[in-house]
Amino acid sequence: RRRHTRCSRWSRGLGDVYKRQCKQRYVDINQSIARMVGSEKDYRLWGTWDGMRVGSASSPVSLVTLIRTVYQHLKDQGRISFPASVMPAFMGKTIIESGGVKHALSTVSARGIMQLRPDVLDDCEIPKDFRLHRMAQVDCALRLVEQIDRNLQQPFNAVFGKLPEKKRRLLYGLLLTQAYQIGVGRMIELLQDNELGKAAQYFAAHADHFSAEDIQVGMIYHNLGRRDLGMLTLYYVTDVGIATEALCASSEMQNDAWCDRPPRE
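To keep things clear, this report deals only with the structure shown in the data block.

So, how was this worked out
Along every chain, residues carry numbers that run from 1 in the direction the sequence is written. Reporting in this predicted model follows two pLDDT cut-offs: at least 70 for local features of residues, and 80 or more for side-chain atom pairs to be given and counted; totals over whole chains, interfaces and linings ignore these cut-offs and use all residues. With hydrogens and water stripped out, all remaining heavy atoms of the structure feed into the side-chain values. For this text, the term disulfide refers to a pair of cysteine sulfurs within 2.5 Å. Helix and strand assignments follow DSSP, with helices taken as H or I runs no shorter than four residues and strands as E runs no shorter than two, numbered in order from the N terminus. Each residue is placed in one exposure class: buried if its accessible area under a 1.4 Å probe, protein chains only, is under 20% of its type's maximum, exposed if it is over 50%, and partly exposed if it falls in between. Grid points spaced at 1 Å and placed over the protein atoms alone form the basis of the search, with a cavity being a set where a 1.4 Å probe fits but cannot get out and a pocket an open set showing protein on both sides within 12 Å along at least five of seven lines. Lining residues have an atom within 4 Å of a point. Grid points are joined across faces, edges and corners, and a volume is the space filled by probe spheres set on the points. Every angle, taken between N-to-C directions, lies between 0 and 180 degrees, and every axis is a line fitted to C-alpha atoms, over only the stretch in contact when it is a helix. Two helices crossing with the near one rotated counterclockwise from the far one by less than a right angle form a left-handed crossing, whereas a clockwise rotation gives a right-handed crossing. Residue contacts are counted whenever heavy atoms from the two residues lie within 4.5 Å of one another. Among buried residues, those of type Ala, Val, Leu, Ile, Met, Phe, Trp, Tyr and Cys that are joined through side-chain atoms within 4.5 Å constitute a nonpolar core. Any angle from 65 to 115 degrees is called roughly perpendicular, while one under 35 is roughly parallel, one over 145 is roughly antiparallel, and all others are oblique. Each residue is assigned to one class: nonpolar for Ala, Val, Leu, Ile, Met, Phe, Trp, Tyr, Cys and Pro, charged for Asp, Glu, Lys and Arg, and polar for all the others, Gly among them. Expected span of a helix: the number of residues minus one, times 1.5 Å.

### Comments concerning the state of the cysteines
Covalent bonding between the sulfur atoms of two cysteines is what defines a disulfide. Applying the stated rule across the entire model yields two disulfides. Between Cys-124 and Cys-140 runs a disulfide, and the two sulfur atoms are separated by 2.1 Å. Across the S-S bond linking Cys-124 and Cys-140, the dihedral sits near 80°, which makes this disulfide right-handed. Here Cys-124, found in the loop between helix H4 (118-123) and helix H5 (134-160), pairs with Cys-140, found in helix H5; they are 16 residues apart in sequence, far enough to count as distant. With relative accessibility at 11%, the residue Cys-124 sits in the buried group.

Encoded structure:
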């Protein structure tokens, strides 16, 4: 069943002008968090995928535990190298895009808890019978994040490499999350293109006056209407931030290492 929730925006500075009420397909924020942390028995799961096992029929686990297991497995195998600091936003993205609903389906045929398109599932070589398998979806999505990370690091550092470490790390996580939605190629354009990159160049030159959140919002805002960048793009990372903060404020996650992030600038 499709559910909706209303939520207020987080962000400051430039972001304040975008505060609004929002509706998210599939997402009741409290139910989605319950589904993520497995606070009810019906929300827990177990299974195997590609040499990994989570839980058992007698001892099912939460979706957060599943995500952590897949992340650590890929990390141990050397198949991903991006830092764990990306993972809170990864979980927030999961809430915003699907609410953790296994059978979620978007209007552009993106499927499952990670809302992966058929071509992405093809690239991940996920058999058709397993395309809604939650471990397979997380596996594929994390490998996609790794691909984005490898392509985004150099262009990002070329523009924002001189920012203080904490702000640079936070901004990179925000732009990586945005790149997951709009594509890494378009994000690189927002950093390097002679026209689309003007906002990034301005913010880099005046970074002391803006928070990481302001810079991320400003890069999109000043390019609205170009390269299919619209209001949904502008709101995406803000929505992810709302979901991430709500998840990390839950009793199950408030002391979790993944939620131990530095406060916003």
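### Digging into empty space enclosed by the protein
Applying the stated criterion to the full structure yields one cavity of 30 Å³ or more. Among the secondary structure elements, those contributing two or more residues to the lining of the largest cavity are helix H3 (87-98) and helix H6 (165-182).

### Things to note about the packing of H6 against helix H9 (residues 212-221)
It is at 8 Å that the axes of H6 and H9 come closest, and there the two elements cross at 35°. Every pair of crossing elements has a handedness; the one defined by H6 and H9 is right-handed. On the side of H6, the interface is formed by Lys-167, Leu-170, Leu-171, Leu-174, Leu-175 and Gln-178, while H9 contributes Ala-212, Glu-213, Ile-215, Gln-216, Met-219 and Ile-220.

### A word on H9
The element H9 is extensively covered by neighbouring structure, given that nine of its 10 residues are classed as buried. Regarding H9, the residues found buried are Ala-212, Glu-213, Asp-214, Ile-215, Gln-216, Val-217, Gly-218, Met-219 and Ile-220.

### Observations regarding the nonpolar core
Counting residues in hydrophobic clusters, the biggest one holds 80 residues, and the most contacted among them are Ile-67, Phe-160 and Met-219. Sequence-distant contacts of Phe-160, defined by excluding residues within four places in its chain, comprise Arg-168, Leu-171, Leu-175, Leu-191, Ala-200, Phe-203, Ala-204, Ile-215 and Met-219.

### Quick word on the environment of Leu-142
By the secondary structure assignment, Leu-142 is in helix H5. Other than its neighbours up to four places away in sequence, Leu-142 contacts Val-70, Tyr-71, Leu-74, Ile-80, Phe-82, Met-87 and Phe-90.

### Re the packing of helix H8 (residues 198-205) against H9
Closest axis-to-axis distance for the H8/H9 pair is 8 Å, and the angle between their directions is 155°. When the axes of H8 and H9 are compared, the pair comes out roughly antiparallel. Judged by the sense of rotation from one axis to the other, the crossing of H8 with H9 is right-handed. For the pair H8 and H9, the contacting residues are Ala-199, Ala-200 and Phe-203 in the first and Asp-214, Ile-215, Gly-218 and Met-219 in the second. Looking at the contact of H8 with H9, its residues break down into five nonpolar, one polar and one charged.

### Quick notes on helix H2 (residues 63-76)
Between the first and last C-alpha of H2 there are 20 Å, a value that for 14 residues agrees with the 20 Å anticipated at 1.5 Å per step. For H2, every residue scored as buried is listed here: Leu-63, Val-64, Leu-66, Ile-67, Val-70, Tyr-71, His-73 and Leu-74. Structurally, H2 contributes buried residues whose contacts are with helix H1 (29-37), strand S2 (52-54), H3 and H5. The first or second residue beyond H2 is Gly-78, which carries a positive phi of 75°.

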